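Analysis of the macromolecular model
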Amino acid sequence: MSLIEYKGFGGVPLTADVLGDDNDPAVLLIPDFGESRAAWRAVADGLVLSGRRVVNLDLRAPGGVDQLAAHVEDLRLVLAQMGSRPVVVAARHGGWIATRALATDGVLLAGGLVLVDMPDDADAVASGIAARQALPTLVVRGGFAAAPTGSAADAFTSALPIGERVDIDDGDLAVDTDRTEALLGQLLEFLERRQPREATEFQAGSDPRTLRDAMGCFATGVTIVTALDAAGTPVGLTANSFTSVSLDPPLLLVCIANSAGTAPALRGAEHFGVNVLQIGQQPASNRFATRGEDRFANLPWAPGQTGVPLLGSSLVSFECRRESLHEAGDHFILVGRVVRAQFEPHRDPLLYFRGKYRRLHFA
């Protein structure tokens, strides 16, 4: 077991135990309000013995801010820092945190959700939080104590798009430790169906995020593609779908999402630039991947020979004339003929692998 510290909302440090092999499928455990990660210790040990990597998280200490909102932002930040999509298992009020944190883009952050003895949450049904849960979700009642009766839990489960519920029957429990074993059994049954230990497989028509995860196993560099729009204003976006096509003639390509805000400008541009980033440009990569920011503000850049904006301090800057454009599903392929390239070979490249930035330091 080792300790790890994540950065939560507002930079608050959040401590977690990490147990198990790094190569095993991940499970993130969330405790109830007022409890520490020790509440999950027996379950965590059982999950590790069953071939899971467990991150057992402590919540932030009580404070003056809106605690539920702060916990929600904490969880989203922790998931973003994990570099994989764990199944999130939340205890009692921890379920309120998890459902709200994963109601937006949950499939990008986690692989599944288990809510153990979550108190009735009518607001999640009324506000549509339950209906927006795109993750496979298991609702467990009786995991820590006898399951309460009532219809609110039924309404919540019914509102889930991919939801199921299981009750742990007290009649099957001879001693207290049996409850933990029964809970562990339900967790493992769900995990084996939703997060199997064998190699994950994508089949046409199945979860597109699985295909994205498979593609993410190919390590790439990171680029920022730039151009001028019809009004002569610099535009750009972060892209890692970039490759050399030909040396004679000198051709390269980038793949641009049709949904990107800069897609229309790049479709219409006669010239564009491809800036291959070095490790010091990670903040620029984040900025050009975020909507609603002035991406070029306080960033060194200069127009190239064709007028396209080229970023200072890049590992390589390619200046291209559009050669061709091809439609390809939800992206288009922009092929450029290189008219000029400038590079600094002594800088280290910024890399991207399995959803995280990586760095390669030359000897």
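Use the structure listed above.
So, how was this worked out
Residues numbered from 1 in each chain as written. Predicted model: local features only at pLDDT ≥ 70, side-chain atom pairs only at ≥ 80, totals over all residues. Heavy atoms only, no water. Helix = DSSP H or I, 4+ residues; strand = E, 2+ residues; numbered from the N terminus. Buried < 20%, exposed > 50% of the residue type's maximum accessible area, 1.4 Å probe, protein only. Areas by Shrake-Rupley, 256 points an atom, 1.4 Å probe, with all protein chains shown as cover. Lys, Arg positive; Asp, Glu negative; His and termini not counted. Charge placed at Lys NZ, Arg CZ, Asp CG, Glu CD. Salt bridge = Lys/Arg side-chain N within 4 Å of Asp/Glu carboxyl O. Pairing = 2+ DSSP bridges. Axes fitted to C-alpha atoms, helices over the stretch in contact; angles between N-to-C directions. Contact = heavy atoms within 4.5 Å.

Structural notes on the overall build of the protein chain
Within the protein chain one finds 10 helices and 20 strands. Oriented by its inertia axes, the alpha-carbon framework of the protein chain measures out at about 80 × 45 × 45 Å. By the burial criterion, 44% of the 363 residues in the protein chain qualify as buried. Taken as a whole, the protein chain presents about 17,800 Å² of accessible surface, with 54% of it coming from carbon and sulfur. Here the protein chain holds 32 positive side-chain charges and 43 negative ones, and the gap between their average locations is 7 Å.

Notes on the pattern of salt bridges
For the structure on display, the rule yields 18 salt bridges. For Asp22, the salt bridge is made with Arg53, and the minimal N-O distance between the two is 3.2 Å. Of the two residues, Asp22 is situated in the loop between strand S2 (13-19) and strand S3 (26-30) and Arg53 in strand S4 (residues 53-57); the sequence distance between them amounts to 31 residues. Using a relative accessible area of 60% as the deciding quantity, one classes Asp22 as exposed. Among the residues examined, Arg53 registers a relative accessible area of 16% and is labelled buried. Residue Arg141 is joined to Asp167 by a salt bridge in which the shortest nitrogen-to-oxygen separation is 3.2 Å. Of the two residues, Arg141 is situated in strand S7 (residues 137-141) and Asp167 in strand S8 (residues 163-167); the sequence distance between them amounts to 26 residues.

Quick word on the sheet that holds strand S6 (residues 112-116)
Taking strand neighbours across the sheet as the criterion, the eight strands line up as S1-S2-S4-S3-S5-S6-S7-S8 in an open arrangement whose pairing is mixed. Among the strands making up the open sheet, the edge pair consists of strand S1 (2-7) and S8. Ignoring strand direction, the axes of neighbouring strands in this sheet form an average angle of 20°. Along the sheet face, helix H2 (residues 67-82) touches S1, S2, S3, S4 and strand S5 (87-91) and points at about 160° away from the line of S3. Where helix H3 (residues 94-101) meets the sheet, it contacts S3, S5 and S6, and its direction lies at approximately 145° from that of S5.

A look at the pairing of strand S11 (residues 234-239)
The pairing of strand S10 (residues 223-228) with S11 spans six bridges and is antiparallel. Bridging from a neighbouring strand, Val225 pairs with Leu237 of S11.

Structural measurements only, silent on function.
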